[in-house]
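What the coordinates show
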Amino acid sequence: MKLLSASILAAALLAGCGGMSTKTAGAPDTPTRTADGVLVGPNGMTLYTFARDTANAGTSACNGQCATNWPPLGVADAAKPMGGYTIVVREDGKKQWAYKGWPLYYWAKDTKAGDKTGDGVANGAWKVARP
C-alpha cells in the first residue's frame, strides 16, 4: 500500500509540473523563445539588439544608465553557450546572452508581454531581436 501511495503522489507531482517547462524532449533549454516573430526572454518580454554593439565582439556597448534603460538578458551561472547563443562579459563583469553575436536587452518602458515600444528608439539604434 505504501508503494502505491508513493507512486500516486509522484505521478501527481509530475503532472503538476507538466506545464512549467517549454523544453522539447532531448533539446537544450535556450535563453529565449520566439513569439510573434521576435525573440522574447523567459519572462515573455520582447528582446532588442543595439546597433552600437559589434557582433561577436564578446562585450556590450550599453553600460551604466544605458543598461538601466535597456537591462541585459542575464546568464545563469551554470549556463553554457549553445547553438546561436553566446555569452558576453559586460563592463561590470556580469554575463549577458547574445544571439548570433548580438547582445540581447529588454526595454524598461515595455510594460507587458508583447510590447515592442523600444523598436526604433535612438534614431533606430534599437531593434527588436528576430530569430
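Residues numbered from 1 in each chain as written. Predicted model: local features only at pLDDT ≥ 70, side-chain atom pairs only at ≥ 80, totals over all residues. Heavy atoms only, no water.

1. Some thoughts on the environment of T34
You can see T34 is positioned in strand β1 (residues 33-35). A relative accessible area of 44% places T34 in the partly exposed class. Separated by 96 residues in sequence, T34 and R130 have C-alpha atoms that sit 8.0 Å apart. When residues no more than four places from it in sequence are discounted, the contact partners of T34 are L39 and P131. (Helix = DSSP H or I, 4+ residues; strand = E, 2+ residues; numbered from the N terminus. Buried < 20%, exposed > 50% of the residue type's maximum accessible area, 1.4 Å probe, protein only. Contact = heavy atoms within 4.5 Å.)

2. Quick look at unusual backbone geometry
Although it is not a glycine, D36 adopts a positive phi angle of roughly 50°. Structurally, D36 is set in the loop between β1 and β2 (38-40). For D36, a relative accessible area of 69% gives the class exposed. A positive phi is found at N56, a non-glycine position, where the angle reads about 65°. Residue position: N56 is located in the loop between β3 (48-50) and α2 (65-69).

3. Quick notes on the packing of aromatic side chains
Two aromatic rings, taken as a pair, are described by how far apart their centres are and by the angle between their planes. The final tally for this structure, using the stated rule, is 7 aromatic pairs. For the ring pair Y48 and W70, a centre distance of 5.4 Å and an interplane angle of 80° mean the geometry is edge-to-face. Placement of the pair is Y48 in strand β3 and W70 in the loop between α2 and β4 (85-89), with a sequence separation of 22 residues. Just as Y48 is buried, W70 falls in that class too. Chaining the aromatic ring pairs together yields one cluster made of Y48, F50, W70, Y105, W107 and W126. (Phe/Tyr/Trp six-rings, centres within 6.5 Å; stacked < 30°, edge-to-face > 60°.)

4. Description of the state of the cysteines
Taken as a whole, this structure holds 1 disulfide when the rule is applied. Two residues, C62 and C66, share a disulfide whose sulfurs are 2.0 Å apart. Torsion about the S-S bond of the C62 and C66 cystine: about -110°, corresponding to left-handed handedness. Note on C62: relative accessible area 0%, which makes it buried. (Disulfide = S-S within 2.5 Å.)

5. Some words on the pairing of strand β5 (residues 95-99)
Of all 5 residues in β5, 4 are buried, a share of seventy percent or more. Note that β4 and β5 share 5 bridges and pair antiparallel. Bridging from a neighbouring strand, V89 pairs with K95 of β5. Linking β4 back to β5 in an antiparallel pair, the connection comprises 5 residues, with G93 at a positive phi of about 90°. In terms of strand pairing, β5 meets strand β6 (residues 102-103) through 2 bridges, oriented antiparallel. Its bridge partner lying in β6, A98 is registered against P103. Hairpin connection from β5 to β6: 2 residues lie between these consecutive antiparallel strands, with K100 at a positive phi of about 50°. (Pairing = 2+ DSSP bridges.)

6. As for the nonpolar core
Formed by L39, M45, L47, L73, V75, M82, Y85, W97, Y99, L104, Y106 and A129, the largest nonpolar core amounts to 12 residues. If we skip the residues at most four places from it in the chain, L47 touches T32, L39, V40, G41, L73, L104, Y105, Y106, K127, V128 and A129. Membership of the second largest hydrophobic core comes to 11 residues, among which are F50, C62, W70 and A125. (Core = buried A, V, L, I, M, F, W, Y, C linked by side-chain atoms within 4.5 Å.)

Function-wise, these values are silent; they only describe arrangement.
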